[in-house]
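Report on the structure
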There are 2 protein chains.
Amino acid sequence: MIQRFFDHSPEPRTIGIVGGLGPYAGYDLVRKIFRWTRASVDQDHLPLMLHSFPGWIPERPAFLLGQTKENPGEDIGGIMEQLARSGATVIGMPCNTAHSPRILDVALERLYATGLDVRFVSIIESAVQHVCQLCPNGGRIGLMGTVATLQTRLYQDALEKAGLEPVILGDEDCALVQRAISDPTFGVKAFSDPVSPAARQILLDAARRLVEEKKVSTILLGCTEIPVAVTETSLWDTPVVDATSVLARELIRASCPERLKAPFEIQG
Amino acid sequence: MIQRFFDHSPEPRTIGIVGGLGPYAGYDLVRKIFRWTRASVDQDHLPLMLHSFPGWIPERPAFLLGQTKENPGEDIGGIMEQLARSGATVIGMPCNTAHSPRILDVALERLYATGLDVRFVSIIESAVQHVCQLCPNGGRIGLMGTVATLQTRLYQDALEKAGLEPVILGDEDCALVQRAISDPTFGVKAFSDPVSPAARQILLDAARRLVEEKKVSTILLGCTEIPVAVTETSLWDTPVVDATSVLARELIRASCPERLKAPFEIQG
């Protein structure tokens, strides 16, 4: 099959998305890629594949917190390989927790063993780079994510290396945020469309505490389930950085930078 | 890679979605599949692939209306083949116009030539079957779609065969609906997230005329761009059937019927 574009811009690279971690985070990333693509007819949109195989991939936090020895990186790598073999040359994974090196390194080893021309775009690196641009003079960055993401210091180490100060809430509040994400009776993973008011309220309360009690200058949503529930770009006069949205823009940039909208082109 | 589910329900079949026709219709179908799947943890969701290659596929209406000889069925069949070779065993295509036999037959010939075990689920057959269940004693079904879908009588013939009476608006109103779908300055294909107020207003006006002037008993949204703009399940006390949502349910039923939610389980 020959890729055939109807205008004369360079041929875009095909974006592959490792979905299913969770499913709604995959769909949220697809939506944000479409939203940030400069397009007035179907053919302007970028080539993209979403492979959502949630049943293949064991729980990431359980592995990172030592509750199981089954490393989900092996199966995630299998999905990356499948995407690359189907033609993806740029790959993104909308799950912060799965970017922990103990998982991601195993997955990328399998991807790169294919020898195919493919680039992985990290949500952590993309988000931290974006926060650096927002806060050129440093700042206190309020971090929200799963307990496993926070305990493995994925964002904290990267933010500190970039000269920023990561700030997290106390254990009790972090456990509440975790429940808002994954509790099977009201969490975002179980109730995404619409999100339950209880889950959204917990997430907003956590954001408010980061601003009011911890005096952060920016809030970083470092779990891809959170922006499914919290879509505000600013809360209590504090900018909110949605890592999924940053990843969407980086994937467009890696596929075909000419098609990336400027912020003023985004409506609503 | 071994598909491994953590409960004891039968192994679901993998759903493949031909996206890009347009991109937002593909994403809307994914959303509706997730929404209608009985799931409380990630692993409960069904295996699914969305392949969105809008740049590969020439305009469908232009071919059907005789403005070009380039049959998009060839490239659509290529995407179906790619999905099947990646493991999809149930395939759906959220684009009514592309279900015209002159396009679909060419695509399915290529798919079935692979010899793989794969089933195509038609949006037209699914929607007409659903309308029949809604209207067991017959009825006037107000049809909204692209000019090409209406001119090729895709739905009219199927509805008449099922004992229902298809009703469409006059040429001028149909041309307006077409513009609400595809006009590059305000149509749903160019402005999907959010949809422009102008496009939504045209679509609502057309629905109102079908109810008030044509006295239809049901409105059938027979273009997958329309439910991106019109999400109501009822308008002017008349049920609205969204063909994308019906296709989502049929794909779940074909993949793993136990996971299909009953309507009372759908919130919001």
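These figures come from a predicted structure and were not determined experimentally.

1. Some thoughts on the relation of the copies chain A and chain B
- You can overlay chain A on chain B at an RMSD of 0.0 Å; the transform is a turn of 180° with a shift of 0.0 Å along its axis. On the angle and the small slide along the axis, the relation comes out as a two-fold axis. Judged by C-alpha distance, A:Leu50 is the residue of chain A that lies nearest the rotation axis, at 2.5 Å.
- Both copies share a contact surface, since 100% of the interface residues of chain A are interface residues in chain B too.

2. So, the environment of A:Arg85
All names here are of chain A.
- Looking at where Arg85 falls in the secondary structure, it is placed in helix H3 (residues 73–85).
- Judged by relative accessible area, Arg85 falls into the exposed class, the value being 54%.
- Taking the C-alpha atoms as reference points, Arg85 and Trp236, 151 residues apart in sequence, are found 46 Å from one another.
- Residues contacting Arg85, with those up to four places away along its chain left out, are Thr114 and Leu116.

3. Let's talk about the sheet that holds strand S3 (residues 90–92) of chain A
- Spatially, eight strands are ordered S4(A)-S3(A)-S1(A)-S2(A)-S2(B)-S1(B)-S3(B)-S4(B) in an open sheet, and the strand pairing comes out mixed. Looking at which strands have only one partner, the edges of the open sheet turn out to be strand S4 (119–121) of chain A together with strand S4 (119–121) of chain B. The mean inter-strand angle of the sheet, taken between neighbouring strand axes irrespective of direction, is 20°.
- Bridging between S3(A) and S4(A) involves three bridges; their strand directions are parallel. Residue pairing in the sheet places A:Val90 in a bridge with A:Arg119 of S4(A).
- The strands that helix H1 (residues 23–35) of chain B touches are strand S2 (48–52) of chain A together with strand S1 (15–19) and strand S2 (48–52) of chain B; relative to S2(B), the one it contacts most, it runs at about 170°.

4. Examining the packing of helix H5 (residues 123–134) of chain A against helix H7 (residues 154–161) of chain A
All names here are of chain A.
- Relative to each other, H5 and H7 sit at 40°, their axes nearing to 10 Å. Relative to H7, H5 is oriented oblique. Between H5 and H7 lies a crossing of right-handed hand. Together, Ile123, Ile124, Ala127, Val128 and Val131 of H5 and Leu154, Tyr155, Ala158 and Leu159 of H7 make up the contact between the two elements.
- In the contact of H5 with H7, the residues fall into nine nonpolar, no polar and no charged.

5. Let's talk about the pattern of salt bridges
- For the structure on display, the rule yields 44 salt bridges over all chains.
- Among the salt bridges present, the one from B:Arg153 reaches B:Asp157, with a minimum N-O distance of 3.0 Å.
- Under the relative-accessibility criterion, B:Asp157 is labelled partly exposed at 41%.
- What emerges from the salt-bridge pattern is a single network uniting A:Asp42, B:Arg60, B:Lys189 and B:Glu225.

6. Points about the interface of chain A and chain B
- Counting residues at the interface gives 51 residues for chain A and 51 residues for chain B.
- Across the chain A/chain B interface, buried area totals approximately 4,700 Å², and carbon plus sulfur atoms make up 52% of it.
- Run the count over chain A and chain B and you get eight salt bridges.
- In this assembly, chain A and chain B are joined by 23 residue pairs in polar contact (both at pLDDT 80 or more).

7. Some details on the packing of helix H3 (residues 73–85) of chain B against helix H4 (residues 101–112) of chain B
All names here are of chain B.
- Packing of H3 against H4 brings their axes to within 7 Å, and their N-to-C directions diverge by 35°. The interaxial crossing formed by H3 with H4 has right-handed handedness. On H4, the residues that touch Gly73, Glu74, Ile76, Gly77, Gly78, Met80, Glu81 and Ala84 of H3 are Ile103, Leu104, Val106, Ala107, Leu108, Arg110 and Leu111.
- Here the contact of H3 with H4 is built from residues that sort into nine nonpolar, three polar and three charged.

8. Focus: the domain arrangement of chain A
Residue and element names in this part refer to chain A.
- Assigned domains of chain A: these are domain 1 (15–122 + 247–265) and domain 2 (123–243).
- The centre of domain 1, based on its C-alpha atoms, is set 20 Å off from the matching centre of domain 2.
- Contacts between the two partners involve 23 residues from domain 1, matched on the other side by 23 residues from domain 2.
- Summing the contributions of domain 1 and of domain 2, the shared interface buries around 1,800 Å²; its carbon and sulfur component is 54%.
- When the buried area of domain 1 at its contact with domain 2 is split by residue, Tyr24, Asn96 and Ser122 rank highest and sum to 37% of it.
- Here domain 1 is connected to domain 2 by one salt bridge.
- Here Lys32 and Asp242 are joined by a salt bridge, their closest N and O atoms 2.7 Å apart.

Reading guide: rules and limits
- Residues numbered from 1 in each chain as written.
- Chains lettered and ligands numbered in written order.
- Predicted model: local features only at pLDDT ≥ 70, side-chain atom pairs only at ≥ 80, totals over all residues.
- Heavy atoms only, no water.
- Least-squares fit on C-alpha atoms with pLDDT ≥ 70 in both.
- Contact = heavy atoms within 4.5 Å.
- Helix = DSSP H or I, 4+ residues; strand = E, 2+ residues; numbered from the N terminus.
- Buried < 20%, exposed > 50% of the residue type's maximum accessible area, 1.4 Å probe, protein only.
- Pairing = 2+ DSSP bridges.
- Axes fitted to C-alpha atoms, helices over the stretch in contact; angles between N-to-C directions.
- Parallel < 35°, antiparallel > 145°, perpendicular 65-115°, else oblique.
- Left-handed = near helix turned anticlockwise from the far one by under 90°.
- Nonpolar A, V, L, I, M, F, W, Y, C, P; charged D, E, K, R; others polar.
- Salt bridge = Lys/Arg side-chain N within 4 Å of Asp/Glu carboxyl O.
- Buried area = accessible area lost by both parts, 1.4 Å probe.
- Polar contact = N/O pair within 3.5 Å; in protein donor to acceptor, adjacent residues only side chain to side chain.
- Domains from an automatic or database assignment.

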